[in-house]
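Next come the chains, spelled out residue by residue.
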Amino acid sequence: MTAVFNTMYNFFTGSKTQGSYFLLFAVSVFVLYQVNKARNKWFVMYPVALLVLLVGNPLSVWLLSFIFPAAATYEPLTEVLPILVFIPFACAEIISGLKTSRQRYVVGIILILFVSICGNMFGLFKGDTMTEEYRYNSEKKEILA
């Protein structure tokens, strides 16, 4: 079980080096709940249930890796989270709540810049977001050594 905890911890610390999309996903779930609680209640319950029951539960991670040894890595399990759906949906909910088109354009540009900063600036910035551990060169060095 400690190996499962270590795998989960290493994945989440490693995911922060490549961008903060998981954190942005958590913020978007909170924003969706705050913007329209009545309409977005079920949209918010789905990822929270996935996090609690499947992705964030060490027992389910251990059980799935025990049943399916080929899927013993943690990354495919985290791909069930609808991160790429919730972030733009939260941005659209924020923009649709604004009154004037000028406010929509300004907030839209700010949100685009914010989402790009949370990643790696559309692939242009590769400075501090990638550690040497995740670069292709380190894998190539291990293979050639």
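In short, a report on the structure.

Concerning the overall build of the protein
Within the protein one finds eight helices and zero strands. In sequence order, the protein lays out its α and β elements as α-α-α-α-α-α-α-α. In the protein, the proportion of contacts linking residues at least 24 apart, taken out of those at least 6 apart, comes to 65%. Carbon and sulfur atoms make up 69% of the accessible area of the protein, which amounts to about 10300 Å² in all.

Comments concerning the pattern of salt bridges
Taken as a whole, this structure holds one salt bridge when the rule is applied. Residue Glu93 is joined to Arg39 by a salt bridge in which the shortest nitrogen-to-oxygen separation is 2.5 Å. Placement of Glu93 in helix 6 (residues 83-96) and of Arg39 in the loop between helix 2 (21-35) and helix 3 (41-55) is noted, with a sequence separation of 54 residues between them. For Glu93, a relative accessible area of 9% gives the class buried.

A word on the environment of Glu79
Inspection of the secondary structure assignment puts Glu79 in the loop between helix 5 (75-78) and helix 6. Remark: the alpha-carbon pair of Glu79 and Val55, spanning 24 residues in sequence, is separated by 9.1 Å.

Digging into helix 2
Between its first and last C-alpha, helix 2 extends 20 Å over 15 residues, near the 21 Å set by a 1.5 Å rise per residue. Within helix 2 the residues assigned to the buried category are Leu24, Phe25, Ser28, Val29, Val31 and Leu32. Axial view of helix 2: buried residues confined to an arc of 165 degrees, hence all on one face. In helix 2, the exposed positions angled more than 90 degrees off the buried face are occupied by Leu23 and Phe30. Lining the buried residues of helix 2 we find helix 3, helix 6 and helix 7 (101-118).

Considering the packing of aromatic side chains
Tallied over the entire structure, the rule returns three aromatic pairs. Each ring, one from Phe43 and one from Phe89, has its centre 5.3 Å from the other, and the planes form 70 degrees; the classification is edge-to-face. On the criterion of sequence distance, the pair formed by Phe43 in helix 3 and Phe89 in helix 6 is long-range, its members being 46 residues apart. Accessibility expressed as a relative area gives 42% for Phe43, which makes it partly exposed.

Points about the side chain of Ser60
Topologically, Ser60 is positioned in helix 4 (residues 58-67). A polar side-chain atom of Ser60 sits 3.2 Å from the main-chain carbonyl oxygen of Leu53. In this structure the side chain of Ser60 is engaged in a polar contact, spanning 2.8 Å, whose partner is the backbone oxygen of Leu54. The contacts of Ser60, once residues within four sequence positions are left out, are Leu53 and Leu54.

Comments concerning helix 7
Between its first and last C-alpha atoms helix 7 spans 25 Å; for 18 residues at 1.5 Å apiece the expected length is 26 Å, and the two agree. Within the span of helix 7, buried status applies to Gly108, Leu111, Ser116 and Cys118. Buried residues in helix 7, looked at end-on, bunch into an arc of 155 degrees, giving them a common side. Looking at helix 7, the residues exposed on the side facing more than 90 degrees away from the buried face are Arg102, Tyr105, Ile109, Ile110 and Ile117. Buried positions along helix 7 lie against helix 2 and helix 6.

Criteria and cut-off values
- Residues numbered from 1 in each chain as written.
- Predicted model: local features only at pLDDT ≥ 70, side-chain atom pairs only at ≥ 80, totals over all residues.
- Heavy atoms only, no water.
- Helix = DSSP H or I, 4+ residues; strand = E, 2+ residues; numbered from the N terminus.
- Contact = heavy atoms within 4.5 Å.
- Areas by Shrake-Rupley, 256 points an atom, 1.4 Å probe, with all protein chains shown as cover.
- Salt bridge = Lys/Arg side-chain N within 4 Å of Asp/Glu carboxyl O.
- Buried < 20%, exposed > 50% of the residue type's maximum accessible area, 1.4 Å probe, protein only.
- Expected span 1.5 Å × (residues − 1).
- Arc of directions from axis to C-beta.
- Phe/Tyr/Trp six-rings, centres within 6.5 Å; stacked < 30°, edge-to-face > 60°.
- Polar contact = N/O pair within 3.5 Å; in protein donor to acceptor, adjacent residues only side chain to side chain.

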